[in-house]
Amino acid sequence: FAIPSRTVKEVIDDLIKQGYVGGRVQIGIMGTAINATTAKYNNVPQGIMISEVIEDGPCDNGKVKFGDIIVALDEQEIQSFSDIYTILTNYSEGDNATLKVYRPEIEDYVEIEIVLQADR
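In short, a report on the structure. (Residues numbered from 1 in each chain as written. Predicted model: local features only at pLDDT ≥ 70, side-chain atom pairs only at ≥ 80, totals over all residues. Heavy atoms only, no water.)

Some details on the overall build of the protein
Applied cut-off: Secondary structure follows DSSP: runs of H or I at least 4 residues long count as helices, runs of E at least 2 residues long count as strands, and numbering of each begins at the N terminus. Type-normalised accessible area, obtained with a 1.4 Å probe on protein chains alone, sets the label of each residue: buried when under 20%, exposed when over 50%, and partly exposed for intermediate values. Two residues qualify as a contact provided that any one of their heavy atoms is within 4.5 Å of a heavy atom in the partner residue.
Within the protein, the regular secondary structure consists of three helices and eight strands. Going through the 120 residues of the protein one by one, you find that 32% of them count as buried. Pairs at least 24 residues apart make up 52% of the contacts formed inside the protein by residues separated by at least 6 positions.

Okay, here's the thing in structure tokens:
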């Protein structure tokens, strides 16, 4: 991957000054990307399967569950973490977003509102 030197400098400056990269938001989960092969084998959609909800993060609202599969963020399809990171570049701390998740236990989709937080 090629990263513009300007971007590298901004990231390094933020890390030195603040200890984190400013201006970025998070949804507050850890997970695993479900690729097309795995999705087909398990009869689930592609997306990000949640393995952990970060305490006090945007998804720590009791509505997002372990095992849910994030398939969209504000109606934009999610198939990888790269998709999430790209979409989140358009948001700021405090913005609302809607996650569309597939819940395997009920074999249906659920929409969940979250408030994005700074990624510190």
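Back to the text.
Section: the side chain of Asp68
Where we set the bar: Think of a polar contact as two N or O atoms within 3.5 Å of one another; within protein, one of them needs to be a possible hydrogen donor and the other a possible acceptor, and neighboring residues in sequence only count if both atoms come from side chains.
Structurally, the position occupied by Asp68 is in the loop between strand S3 (47-53) and strand S4 (69-73). At 2.7 Å, the side chain of Asp68 and the side chain of Arg103 are in polar contact.

Observations concerning the pattern of salt bridges
The following threshold applies: For salt bridges, the criterion is a side-chain nitrogen of Lys or Arg within 4 Å of an Asp or Glu carboxyl oxygen.
Inspection of every chain in the model, using the stated rule, returns two salt bridges. Of the charged contacts in the structure, one is a salt bridge between Asp68 and Arg103, with a shortest N-O distance of 2.7 Å. Highlighted residues: Asp68 in the loop between S3 and S4 and Arg103 in strand S6 (residues 96-103), separated in sequence by 35 residues.

Describing unusual backbone geometry
Unusually for a residue other than glycine, Glu75 sits at a positive phi of about 65 degrees. We classify Glu75 as exposed; its relative accessible area is 81%. Positive phi outside glycine occurs at Glu107, with the angle close to 50 degrees. Here Glu107 shows up in the loop between S6 and strand S7 (108-115). Relative accessible area serves as the criterion here: at 63%, Glu107 is assigned to the exposed category.

Let's talk about helix H3 (residues 81-88)
So the rule is basically this: By construction, the arc corresponds to the directions joining the helix axis to the C-beta atoms.
Along H3, the residues classified as buried are Ile84, Ile87 and Leu88. Angularly, the buried residues of H3 cover 95 degrees about the axis, an arc narrow enough to put them on a single face. On its buried face, H3 sits against strand S1 (25-26), S3, S4 and strand S5 (76-77).

Some thoughts on the packing of aromatic side chains
Test applied: Here is the rule: rings of Phe, Tyr and Trp (six-membered ring for Trp) pair when centre to centre is within 6.5 Å. Planes less than 30 degrees apart are stacked, more than 60 are edge-to-face, and the remainder are tilted. Distance and angle both matter: a charge sits over a ring if NZ of Lys or CZ of Arg is within 6 Å of the ring centre and within 35 degrees of the ring normal.
Counted by the stated rule, this structure contains two aromatic pairs. Centroid distance Tyr102 to Tyr109: 5.1 Å. Interplanar angle 65 degrees. Geometry classified as edge-to-face. Overall, the relative accessible area of 39% leaves Tyr109 in the partly exposed class. Sitting over the ring of Tyr109, Lys100 keeps its end group 4.9 Å from the ring centre.

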